[in-house]
Each structure stands twice: as C-alpha cells, then as structure tokens.
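The lines below spell out each chain.
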Amino acid sequence: MKSATVETKAAVFVQPRKLAALAEAIGATLEGDGEIEIRGAAPLDCAGAHDIAFLSDAKYRVHLETTQAAAVILSPREAASWTTTKARLLAVNPYAAYAKAANLLYPEPPVPAGVHPTATVAASAQVAPDAAIGPHASIGEYAVVGARSVIGAGCAVGEQTIIGDDVRLAPRVVIYPRCVIGDRCVLHSGCVIGADGFGFANENGRWIKIPQIGGVVLHSDVEIGANTTIDRGALGDTVVEEGAKIDNLVQIGHNCVVGAHAAIAGCAGISGSVKIGKYCRIGGAAMIGGHLSIVDGAVVAAATPIFSSIESPGMYSGVYPVQPHRQWQKNAVQLRQLDTLYKRVRALEKMLEAETPATNEHEED
Amino acid sequence: MKSATVETKAAVFVQPRKLAALAEAIGATLEGDGEIEIRGAAPLDCAGAHDIAFLSDAKYRVHLETTQAAAVILSPREAASWTTTKARLLAVNPYAAYAKAANLLYPEPPVPAGVHPTATVAASAQVAPDAAIGPHASIGEYAVVGARSVIGAGCAVGEQTIIGDDVRLAPRVVIYPRCVIGDRCVLHSGCVIGADGFGFANENGRWIKIPQIGGVVLHSDVEIGANTTIDRGALGDTVVEEGAKIDNLVQIGHNCVVGAHAAIAGCAGISGSVKIGKYCRIGGAAMIGGHLSIVDGAVVAAATPIFSSIESPGMYSGVYPVQPHRQWQKNAVQLRQLDTLYKRVRALEKMLEAETPATNEHEED
Amino acid sequence: MKSATVETKAAVFVQPRKLAALAEAIGATLEGDGEIEIRGAAPLDCAGAHDIAFLSDAKYRVHLETTQAAAVILSPREAASWTTTKARLLAVNPYAAYAKAANLLYPEPPVPAGVHPTATVAASAQVAPDAAIGPHASIGEYAVVGARSVIGAGCAVGEQTIIGDDVRLAPRVVIYPRCVIGDRCVLHSGCVIGADGFGFANENGRWIKIPQIGGVVLHSDVEIGANTTIDRGALGDTVVEEGAKIDNLVQIGHNCVVGAHAAIAGCAGISGSVKIGKYCRIGGAAMIGGHLSIVDGAVVAAATPIFSSIESPGMYSGVYPVQPHRQWQKNAVQLRQLDTLYKRVRALEKMLEAETPATNEHEED
C-alpha cells in the first residue's frame, strides 16, 4: 500500500437531519432557516456548509465571523452580541446541546442481532433474541445477555454474569463470573471487570491468597474505558453507581464504591475499599489510598496522591511544580531539609525576639 | 431486563465443612461446638448463622458482641478478653488462618479437562491430558501446558512457551513465545507476558529497534494482575521469583528481577533492569527508575518515584502532601524558589552572626 | 512438570552471518578475522565464542579484557586504547551499530501467509495475499490489510480500518473502526487503538456522551507497547507521526498529536488535545495535562506532571525527592506551610532592614 497514512478518511455512519428537527429534538431555540439539512458536526474553524458547530468557550469566539458552518449552537448571551444571518440554535448549555445533537447525527451503527457462528454460548446462558454476540466471543454457563445488547468480537463473559439491556461491549472485554452490568453501560476494549482483588495475608513473609468471592456491580449508564480494571470484592461487591464515567487504564480496587455521576480520568489508581462520592471528579493519574472516603462533589486534581479522607467538597491538589531540571535539582536539595530550614527560621525569630521584643508581630502558624 | 443492578447475587461455588474439620485443616485451636457446618465466610458485621468471620484488626472488635457469625477466628489474646459462648478458632495470625479457611471453603471451581473444540493447539505443542484449554485459545508450536493447568478463553500462548502444573490463566492472557510460567502461577485477564522491552538505539534522532531476544521467567506461585505487562529481556531474561504477587496495571520493564515474595501494588511502573529485593513491598503507582536496586525487605510508599538505589531496609516516601487547591498554589509558588528562600535565611543568619556572635548556635546541615 | 523455572532456554530464531558480512551490512570497520561465524549477540560478560558483543558505555569497559565474545562493536576511540587480537567492529555509534547487527542476526521469524481457518474476515475486507491472519482474529467490513502484514491471534480489526504493509500486530490487539495504521508499524498485545475519547458534557450533574467520530492515524514505523491505549479523536483525528515509539500502558487521549520520532516511556498519561513535539522524550509515568503543547525536542523527566505548555527545549522535572518515611513526614509538614515560612523570612528581613539598613543586600526574587 503506497500511503496508508494519507488515505481519504473513511465514512462515518451519519443520520442527517433538518435543522428545525434537530433544534426541537435537543430543546434549543432555532433562529434562521430550519430547512437546512445538517449532515455532520465539526469545529467552528473546520465546519463545512452542511455541518453544525458549537461555541461553548469564549476563546473560540474569534472563529464565529469566518465559520463556514451551516449553523452554530451557542448561548443566548453569545448570540446577542453576534450579528449574523447564519442559522443558530440557542441553548443555555451549548456543549450539552451539541452533545445531544451529535448523538442524533451519529447514532451507534446498527449491529445485526444474533449469535455469530464462531461464538461460544453455554447451553444454560440466556441471550436475548435481539442481542448480538460477535465472532469468537464466549458466554459462560447461566450468564444472561439482555435485549439489544452487543457483545463485541472476542469478549469473554463469565458464568452467571448478568448483562442488562442496550449494553455495548467493544471487542475483547472480559467480565469474570458473577458480575452484573447495568442497562446502557458501555465497556471499551480490553477492560477487565471482576478480576481478583489484591488480597493476601502474610505469614512468615509468604503470601496466602484471600479468595475474592464478592463480585462487581455496574449500575446503569456507566462507561468504562479501554484496558481499565475493576476488581471484584473480597467478600462484598465492588460497585460503580449509575452514570459514573471511568476513562482508560484506571484501576479500581476491590470493594470500592464509585458514586453516581462521578468521573475518573485516565491512569487514576483507586486502592481497595475506597468510597468515592457522587459527582466527584478524579483527575488523570491521581491515586487514592486504601479505605479512604471522598465526600460527594470533591475534585481531586490530576496526578495528586490522596492519603487521607476528604471531608469537605472543593478541589484538592498535591503535585510537585515542574521546573527546568537544574532549578528542580536545587530546590529538591532544600526540600529534603525543609524541616531544618524551618528550625533555622524559628531560631532567627527567637534571636530577634530576644533582641527586639516590640517588633515580634508575625502570627504563629 | 428490568433491574440488572438489583438482581439477587449469583451463587458462589462453596465447599461446606464442619468447624472442627476446618480448625484442624488450618491449624487453629477450636473452642466450642465443632459440629457446626460452615457454609461461607463473611465480615463480622454481615455474617449469618453458617458463616465464619475473623477479627484481625482491633478496630473491628466492636462487632464481636453483635456478630451473627457461626464462629470467629481470632487471636488467643483477643479471645481472652471476650466472654462468649460462640464457637471460636484461636490462631496467632488470624488473617492468615482466615485465608486458609476461605481457600478451603471457596476452592477454585473445577474445570473439565480437555481442549475446547474452538481452541487452536499446534501439532507440536504438548498439552497434559488433564489440562483444560478454553474456547478460542491458541497454543503455539512446541509450547507445553502442564498437568491440571487451565488456559482461559481466548488466551494466546506463544511458540516454545512452557507453562507448569496447576497454573491458571484467566481469559485473554497473552504469553509471547519462549517464556516460562512456573507451577501454580495465577495470571489474570489481559496481562501480557513477554512483549518486547522498550529498547531502541538513537541514530541522528531516529530510533532503531533493539531486538528483544531474552524471555520472561515466572517462578512458582507468582500471581499477576489484570492488564499488567512484563516485558521480555533484551538479551537475558526478566525474572519474577517465587511467591511474588503483582497487582493490576503494573509495568515491569525488560531485564528486571522481582525478588521472591515481593508484592507490587496496582499501577506501579518498574523501569528496565531494576532489581527488587525479596520481601519488598512497592506501593501503588510508585515508579522506579531504570537500573536501580532495591534492597531486600524495603518498602516504597504508594505514588513515590524512586531515582536512586535503596540500600537499607525501611520505608521510603516521596509524595507531595495534598492540600486544598489554593493553599497548594501558594506553597507551590514558594517551592519553586525554595533554594532562594534558603539563601535568604542563610543571609539573615550571617547578618545576625555578625551582630551577635554569641547566639549563633544552630547546627550546620 | 518438575521445574518449569529451570528449563533450558528455548531456541531463538537466529540467522548466522560471517563477521565480515555483518560489518559491511551495518557500515562498521572490521578489524581482525572476518571469517568468524557470528551466531548470536550477548552482553560482554556473558558472550560465548560465537557471539557478538558491544561497548557503548565506558562503565562496562572493565569487561573488555575478559570477554569471551567472538567480536566486539565499539567506538574507534575505545578501540584505540584497547590492545587485543580479538576481532572488532568500529562504529561511531556502537549502540546503533549493535542494533543493526542484532536485527540481522535475529530477524522476525517468518509467518506463513494466509488466513487461518478459525479467523473471521468480512466479505468486503481486502487482505493482501501475502498477509497472515492468525487464529481467532476478526477483520471487519471494508477493512484493508496490506502486503506481508501479520495479524496475530485474536486481534480485532474494525470496519474500514486500513493497515499498511509490513505491519505486525501481536496477539489480541484491538483496532476500532476507521483507523489507519502506517507501514511497518509494530503493535504489541493488548493495545487498543481508537476507543472513544473521554468526552462528556455535563448537564445538571449528569454526563452526556459526546460521540467520538474522529479516528486514529499512526504514520509509518510507529511502535506501540502492550496494553497501551490511543483514543480516537472527538471530531478530527488523533495522530502519531512517523517513527514515534510508545511503551507499555501509556494512555494517549483524543486529538493528541505525537510528533515524529518522539519516545514515550511506560505508564505515561497524555490528556486530550496535547501536542507533543518531534523528538521529544517523555519519561515513564509522566503526566501531561489537556490542551498543552510540548516544544520539539523537550525532555520530560519520569514521574513528572506537566500542567503548562513547554516552550523551550531542555529537560523538565517535577518530582518530590524520596526520603526515609520519617524524614519525609517532617518535611511534608513544613511544605504544607511553606508560604507561611516564606512570610516569616520576609518579616525577619524587614526587621533587620529596619535595624541595619546597610546590610540589606539580598536580591529580590
């Protein structure tokens, strides 16, 4: 093949819509010609004559004047200060409105129902007649696959695992036995649900495995990223509550509870028995130590390690600030003896106090 | 399906035992009625009338008085201060005793021996007659699978790889060619053993791949977590010694040696040619730089990056302490100029020395 | 099996060469007997009578006197100070010369062309006649597999995905639909190319998925490590330029561009819409925040989190220095109030300024 990297882009599955229909479906206010056919979505600065674009961040406002988009979704406030004849969809939350529009324009491509001839389905498994089981997938004994769910190529669904309705498993997802996947969950390739938690007792230096007999329960509308791992509970279950979204390469330890509508970004590591509150946001590569509890709505910054529970909402950070390497080296040397520096300052203060008592006015920390 | 998330929990495979038999099998001292049939294990506060529970941490002592458990495993010392008619198993290490009991109650479910009709086994491979090869698994030329070993659905075992006896590969494990997996190893789904190490020579800015011709050798009783990767050696082998336990999403670089009975928690990254001593414990998301050596028994705290060898046992930490974001911002600003602050303190000290030589008594760091 | 862990090492596929032929092929200057047959490569201190070894780091010079190697690749400068009758290959960049030699000695073993009978190839897919599709692999509709490319066991190649010539996919690679893999790319097991980026709009606390309709484009000669994930773009593509090398367990977010010949080490996390320049080196477990830009040739130290763009080349670090745990604890306490310490020093300075104005000579930072 001469030039794989410069091939024309493959066609995405699109469902075109009239602008007026789109406006109605997403609950936005239409200004302008509702008869335009929208055939796709694109950023303001790349959109073509049949694309819809959106403005949700003022820093992209500069593109409004020159955009070729058929129509723009934006807030009433932004619209008020933009004089144009272009069609517009007004929405208080333009990004959410765009999300709804894009989901209508780009629905998941339909997958033909049925069990692929190369798939292996145990005799006692129950697969809904309108579910789709892909090539080389295996469904264990007493497993259940709900209505319209799609099991991708090469997935392995363990014994007694229950998969709800309208679930999508991308290729090569593994779900161990006795787990539950709620309705409308989306699991990306390579994620592993229900592997054993990391539980061992130590006896004279050697490790004795603790059987991990709990399960994993994903409530409805959960999305799990590629190659993410969620361990089964030691005795009880590991639970991800409804609507929580977990990115790629995240580790969730045994017996964790991830609260409803929480979001956990890529490469985060959650140790065992952690309770993450509802609506929390955990940044990428953050790390949360075992048995901690994070209050509802707290935000943990990316790359921040957490070693004690968080009891008040707000944003928490703990990241060494980056610097050119030489400056970092100098500061790191001093950081290693910061306690000594503190004592030296304390000694200086005492000396000066002794000398000049009247000027001692700093606050004690 | 109406309510995938609230389905009754699926049945776990249990092997019930009389309490007296259990006590004898795990080497604990029975107090009370040995005829009770134990049908499961559960935490003190959830256990039912046929469950065994354990007390290994004094903070759960509060549950002793109200537990519904059939029997409790605890230390002789805790037992001495607990007046009860409930059956008890006394053990010096209650958690290890519990682990042994749980392994007896919850043995791995038996897997029927034989090669699944959808599996692909190379003509020259040797598979023990009592081994089990799951659906869609592939076993390469000259590979060996030992007695009673279970190869899960969709595993890929490369050419000339040797798998010992009583090994368990969960679904979708990949073992590249020419690796060795010792007896009783447990490998979880998605782990990749023997991919090429990250070795490239740079010539005028471009990378030339160094063929990775070593292998990976896991000694006996090693457990590898889901989606963990252990690279093959560049020339020699990457080795994990007996009894070491490695959690999920851990990266072990080429030519590492992980010492016997070491434990490495999730998301840790071990660069190439690192030697981790026996009995070491490496915390989750810790990171160890290339060519370092960690002495036997050292403990690296979670999220700690290590850039020089550790030569004395003990625990090592290097984590920025978390704070509410605004406080972090203020401190981070000062941290970037800590060396300057140090110099300012030094200058103050000199000034005061000059003024008041007698009071100069801080120790030089 | 008695001793899986002590089995003799399996045979590697080797292509022996005369030393003179090897010298010519890699562009090195031969000194000594060119007729020696080289049958392998090994480190200086382990090499046998038919192995070639190399010296690229002066610290291994000590092994020169005692090496049993048939021949040694080294720089003219090192050669000048080593009096020996042993055969030598002189090269300005001995490590690159070794890489070339090792690639000749250890070529990828040939894989028989053709589609394995257990593989599933869609009717509309185009597979080159000399490509090899392994057992249980699946190739989607309208996908293309180029000349001499090898698709490993159990790989899943999505609809309309284009794979160039001479590509190697190890077992269990997943490529989602509509991606492009350039010529000579190497993808290791478990890597996932083209899963959905982590894009959600928030509406009243709930997440609405943003369809990820872009793709992933890997240019030629890219290598992707085991279990690494590269997300598809939200609207445009995620791109990895030619010759870039990405290690294991790396996360590349949607719409990133990784510049040509960059190297990203294991466990690094790259958030969405990041632009990594050409020739950059990103250390293991480094983390780069969203929408940042890293200038060509910059080096980010291992475990360093980056939260603002890097505009000048050089090395950047941001790692808390490790210490024995108790010392760390003391310093961490002070770090939490570093801003206060700074103010106390400032107060001391002011007091002394007031007292002794003439000695105020520190520079303001």
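In case you missed it, the structure is sitting above this.
Right, let's walk through the structure included here. Position numbers for residues count from 1 along each chain, tracking the sequence in the order it is written. Written order determines the labels here, with chains lettered from A and ligands numbered from 1. Only residues with pLDDT of 70 or above have their local features reported here, since the model is predicted, and side-chain atom pairs are shown and tallied only from 80 upward, although totals for entire chains, interfaces and linings are computed over all residues. Hydrogen atoms and water are omitted, and side-chain values are computed over all heavy atoms in the structure.

Notes on the interface of chain A and chain C
Any two residues having at least one pair of non-hydrogen atoms within 4.5 Å are treated as being in contact. Contacts between the two partners involve 79 residues from chain A, matched on the other side by 84 residues from chain C. Buried area adds together the accessible area that both of two parts lose upon being put together, with accessible area traced by a 1.4 Å probe. Buried surface at the junction of chain A and chain C, both sides included, amounts to about 6,700 Å², of which 64% is carbon and sulfur. The salt bridge criterion pairs a side-chain nitrogen of Lys or Arg with a carboxyl oxygen of Asp or Glu, the two atoms within 4 Å. Scanning the region where chain A abuts chain C turns up three salt bridges. With a shortest N-O distance of 2.7 Å, Lys209(C) and Glu223(A) are connected by a salt bridge. Here a polar contact is recorded for every N or O atom pair within 3.5 Å, except that within protein the pair must consist of a potential hydrogen donor and a potential acceptor, and residues adjacent in sequence are included only if both atoms are side-chain atoms. At the junction of chain A with chain C, the criterion picks out 26 residue pairs in polar contact (both at pLDDT 80 or more). Each residue is assigned to one class: nonpolar for Ala, Val, Leu, Ile, Met, Phe, Trp, Tyr, Cys and Pro, charged for Asp, Glu, Lys and Arg, and polar for all the others, Gly among them. Class assignment of the residues belonging to the side of chain A that touches chain C gives a composition of 44 nonpolar, 19 polar and 16 charged. Between any two strands, at least two bridges found by DSSP are needed for them to pair. What counts as a helix is a DSSP run of H or I of at least four residues, what counts as a strand is a run of E of at least two, and both are numbered from the N terminus. In terms of strand pairing, strand S40 (residues 323-324) of chain A meets strand S39 (residues 314-317) of chain C through two bridges, oriented antiparallel.

A short note on the sheet that holds strand S7 (residues 87-90) of chain C
Residue and element names in this part refer to chain C. With respect to topology, five strands assemble into an open sheet ordered S2-S7-S6-S5-S4, the strand pairing being mixed. In this open sheet, the two edge strands, each paired with only one partner strand, are strand S2 (29-31) and strand S4 (40-41). Bridge count between S2 and S7: three bridges; the pairing is antiparallel. If you follow leucine 30 over to S7, its bridge partner there is leucine 89. As a rule, the C-alpha atoms of each element are fitted with a line to give its axis, helices using only the stretch in contact, and angles between N-to-C directions run from 0 to 180 degrees. Along the sheet, helix H1 (residues 19-26) contacts S2, strand S5 (51-54), strand S6 (71-74) and S7; its crossing angle with S7, the most-contacted strand, is approximately 10°. Each of S4, S5 and S6 touches helix H3 (residues 94-105); the most contacted strand, S6, lies at about 135° to it.

Quick notes on the relation of the copies chain B and chain C
Least-squares superposition of the copies uses the C-alpha atoms of those residues scoring a pLDDT of at least 70 in each of them. Rotating chain B by 120° about the axis while translating it 0.0 Å along that axis superimposes it on chain C, leaving an RMSD of 0.0 Å. Both copies are brought into coincidence by an operation consistent with a three-fold rotation axis.

A short note on the interface of chain B and chain C
Contacts between the two partners involve 83 residues from chain B, matched on the other side by 79 residues from chain C. Together chain B and chain C conceal approximately 6,700 Å² of surface at their shared face, both sides included; 64% is due to carbon and sulfur atoms. For chain B, the biggest contributors to the area lost against chain C are Phe198(B), Trp207(B) and Arg344(B); these three give 12% of the whole. Here chain B is connected to chain C by three salt bridges. The salt bridge involving Arg344(B) is made with Glu349(C); its shortest N-O contact spans 2.7 Å. Summed over the shared surface of chain B and chain C, the result is 26 residue pairs in polar contact (both at pLDDT 80 or more).

Here's the deal with the packing of helix H5 (residues 338-355) of chain A against helix H5 (residues 338-355) of chain C
Running from N to C, H5(A) and H5(C) cross one another at 35°; their axes reach a closest spacing of 11 Å. The element H5(A) and its partner H5(C) pack so that their crossing is left-handed. Counting all contacts with H5(A), which are made through Leu338(A), Leu341(A), Tyr342(A), Val345(A), Arg346(A), Leu348(A), Glu349(A), Leu352(A) and Glu355(A), the residues of H5(C) involved are Leu338(C), Leu341(C), Arg344(C), Val345(C), Leu348(C), Met351(C), Leu352(C) and Glu355(C). A breakdown of the residues in the contact of H5(A) with H5(C) according to their chemical character gives twelve nonpolar, no polar and five charged. In this scheme the handedness of a crossing depends on how the near helix is turned from the far one: anticlockwise by less than a right angle means left-handed, clockwise means right-handed.

Remember that the coordinates give geometry; whether it matters functionally is a separate question.
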